[in-house]
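Structure at a glance
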Amino acid sequence: MRQMKKKSKILNVAIDAVTNKEALEIAIGYIESSSTKKIYTPNPEIVMMAQTNDSIMRLLNEGDLVVPDGIGIIVASKIKKLELKERVAGVDLVDNILKFCAKEKKSFFILGGKPGIAELACEKIKELHVGSVVAGYFHGYFKETEDEKILRKINDAEPDVVFVCLGAPKQEIWIDKYHKEIHCKLIMGVGGSVDIYAGTVKRAPQIFINLGLEWFYRLIKEPWRFKRMLVLPRFLIKVLFS
Ligand code: UDP
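Let me begin by describing the structure that accompanies this report. Remember, it's a predicted structure, so these values are computed and weren't measured experimentally.

1. So, the sheet that holds strand β6 (residues 133–138)
Here we have six strands laid out as an open sheet, ordered β4-β3-β8-β7-β5-β6, and parallel in their pairing. Where the open sheet ends on each side, the last strands, each with one partner, are β4 (65–66) and β6. Those strands touched by helix α7 (residues 147–157) are β5 (107–112), β6 and β7 (161–165), and its axis lies near 175 degrees from that of β6.

This is the structure we're talking about:
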């Protein structure tokens, strides 16, 4: 079922004011439609990148569904009294889509992660969501000269859904460049989800997620991300003065 979506602009990036449930309904509508649709899951980091990179700004605003990932986006929406209702974490949306795919026998392809990780993730997904149809997988450390080969591999596998896990903004740029050449119903940039399914990265315990502190848990577990996370206060200050 397609729905009319309201957009909220956070530093000029138009983000859909959808709940997790609505995002899933829209994604299912895409999977059941005939053209290729793109879903992006921006967090404050990529919104900040878009401030100085016109091409990232353009491609995010061309997403068919752009969900508010990252609690920072929701805080920004509250500061500006906009309509973003709840955080739609990329990995939660992926899981809901995978559940639907397993039930309806829709196939998926995972592109990304270190060699062996996408394959492991597919195995785990098959255990988790019985009935899953894996169309294929490929690691994310390929050269640009291999793009053609990868496009062929994806198209030969005829997936309904393609999950691109190359980290931001590489995955968004790749999707923007090739979505017209990929024959599928839905293509989605979902960063580190592949590592979570493979089990090489653990998601924060639910209590951290509920308190909006998943970023803090990640900081404790992966302290080298500290520098990357400094963008969060800069983002909020920019929103405050925008
Ligand atoms: N990754 C990849 N190719 C690359 C860079 C990253 O496949 O050239 C993968 C990486 O192995 C990881 C995923 O992208 O599985 C997400 O990386 P990261 O955690 O840095 O991104 P984030 O989700 O935080 O944007």
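2. A short note on a nonpolar patch on the surface
A surface patch of nonpolar side chains, amounting to about 830 Å² of accessible area, comprises Ile71, Val75, Ile79, Trp215, Phe216, Ile220, Ile237, Leu240 and Phe241. Those elements giving two or more residues to the nonpolar patch turn out to be α4 (71–79), α11 (214–221) and α13 (231–240). Here Phe241 lies in the segment after α13.

3. A few points about unusual backbone geometry
Pro169 follows Ala168 through a cis peptide bond whose omega is 5 degrees. Its place among the elements puts Pro169 in the loop between β7 and α8 (170–178). A positive phi angle, near 55 degrees, is found at Lys81, a position not held by glycine. Its location among the elements puts Lys81 in the loop between α4 and α5 (90–104). For Lys81, a relative accessible area of 73% corresponds to the exposed category. One non-glycine residue with positive phi stands out, namely Glu158, at about 50 degrees. Assignment of secondary structure puts Glu158 in the loop between α7 and β7.

Calculation notes
Residues numbered from 1 in each chain as written. Predicted model: local features only at pLDDT ≥ 70, side-chain atom pairs only at ≥ 80, totals over all residues. Heavy atoms only, no water. Pairing = 2+ DSSP bridges. Helix = DSSP H or I, 4+ residues; strand = E, 2+ residues; numbered from the N terminus. Contact = heavy atoms within 4.5 Å. Axes fitted to C-alpha atoms, helices over the stretch in contact; angles between N-to-C directions. Patch = residues over 30% accessible without salt bridge, like charges linked within 9 Å, V, L, I, M, F, W, Y side chains within 5 Å. Areas by Shrake-Rupley, 256 points an atom, 1.4 Å probe, with all protein chains shown as cover. Salt bridge = Lys/Arg side-chain N within 4 Å of Asp/Glu carboxyl O. Buried < 20%, exposed > 50% of the residue type's maximum accessible area, 1.4 Å probe, protein only.

The quantities given are spatial measurements derived from coordinates; they are silent on function.
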